[in-house]
Amino acid sequence: MEDLPDVGVLHIDHVGIAVADIDEAIAFYERTFGLRCVHQETNEEQGVREAMMAADADGARIQLLAPLRPDSAIGKFLDRNGPGLQQLAYTVRDVDAASAALRARGLRLLYAEPKRGTGGSRINFVHPKDAGGVLVELVEPA
């Protein structure tokens with residue numbers, strides 16, 4: 001077997017959850033689980049309003065994603081599946097290198113080039129049909 005380049009996964013970054021109403025979802029996660037909202041932003045390109053929820057300063061986050069419009073990826077997800085688990089994200093050293101390493105393994109990525117993610121990060125996604133039915137996000141922090 002040939003040597004394949006390292007993907008460079010550092011740790012789990014976040015779990016994305018599609019929600020219809022971000023304010024209601026934030027309140028639910030605060031009230032129910034004691035999480036706190038540590039970041040909010042609107043990403044017009046992705047068509048989402050998002051909030052990062054945390055239990056502590058260093059651990060993985062819960063990313064709440066609400067659609068800005070029905071034709072966004074999250075809008076379509078909610079229409080097909082209703083609210084719920086939408087993605088699993090890994091922090092990687094270099095999203096370009098991780099994408100190339102995964103392509104070398106025969107996996108499809110959703111974007112030819114990384115896009116802007118939360119807080120100025122760079123992101124790409126592995127097609128869920130190539131990752132056991134899971135939409136996997138690769139996140140290179142800003």
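Conventions and cut-offs
Residues numbered from 1 in each chain as written. Predicted model: local features only at pLDDT ≥ 70, side-chain atom pairs only at ≥ 80, totals over all residues. Heavy atoms only, no water. Pairing = 2+ DSSP bridges. Helix = DSSP H or I, 4+ residues; strand = E, 2+ residues; numbered from the N terminus. Expected span 1.5 Å × (residues − 1). Buried < 20%, exposed > 50% of the residue type's maximum accessible area, 1.4 Å probe, protein only. Arc of directions from axis to C-beta. 1 Å grid on protein atoms, 1.4 Å probe; cavity = no way out; pocket = protein on both sides within 12 Å on 5 of 7 lines; lining within 4 Å. Points joined across faces, edges and corners; volume = space filled by probe spheres on them. Nonpolar A, V, L, I, M, F, W, Y, C, P; charged D, E, K, R; others polar.

Student: Go over the pairing of strand β2 (residues 36-43) with me, naming the residues and quoting the values.
Tutor: By the bridge criterion, seven bridges tie β2 to strand β3 (residues 48-54) in an arrangement that is antiparallel. Its bridge partner lying in β3, T42 is registered against R49. Hairpin remark: β2 followed by β3, antiparallel, with four residues in the connecting loop; positive phi at G47, about 75 degrees.

Student: With reference to specific residues and values, describe helix α1 (residues 22-33).
Tutor: The terminal C-alpha atoms of α1, which comprises 12 residues, lie 16 Å apart, in line with the 16 Å expected from a rise of 1.5 Å per residue. All of the buried residues in α1 are I22, A25, I26 and Y29. What you see down the axis of α1 is that its buried residues fit within an arc of 100 degrees, all on one side. Relative to its buried face, α1 has exposed residues pointing more than 90 degrees away, namely E24 and R31.

Student: Please set out the layout of surface pockets residue by residue, giving values where relevant.
Tutor: Using a probe with the size of a water molecule, rolled over the atoms, empty space left in the structure can be pinpointed. Taken as a whole, the largest pocket encloses approximately 990 Å³ of empty space. Forming the boundary of the largest pocket are 49 residues, of which H14, Q63, Q87, F125 and E137 lie nearest the centre. Those elements that provide at least two residues to the lining of the largest pocket are β1 (9-18), β2, β3, β4 (61-67), α2 (73-81), β5 (84-92), β7 (122-126) and β8 (136-140). Ranked by residue count, the leading element in the lining of the largest pocket is α2, at six residues. Here the lining of the largest pocket is built from residues that sort into 21 nonpolar, 19 polar and nine charged.

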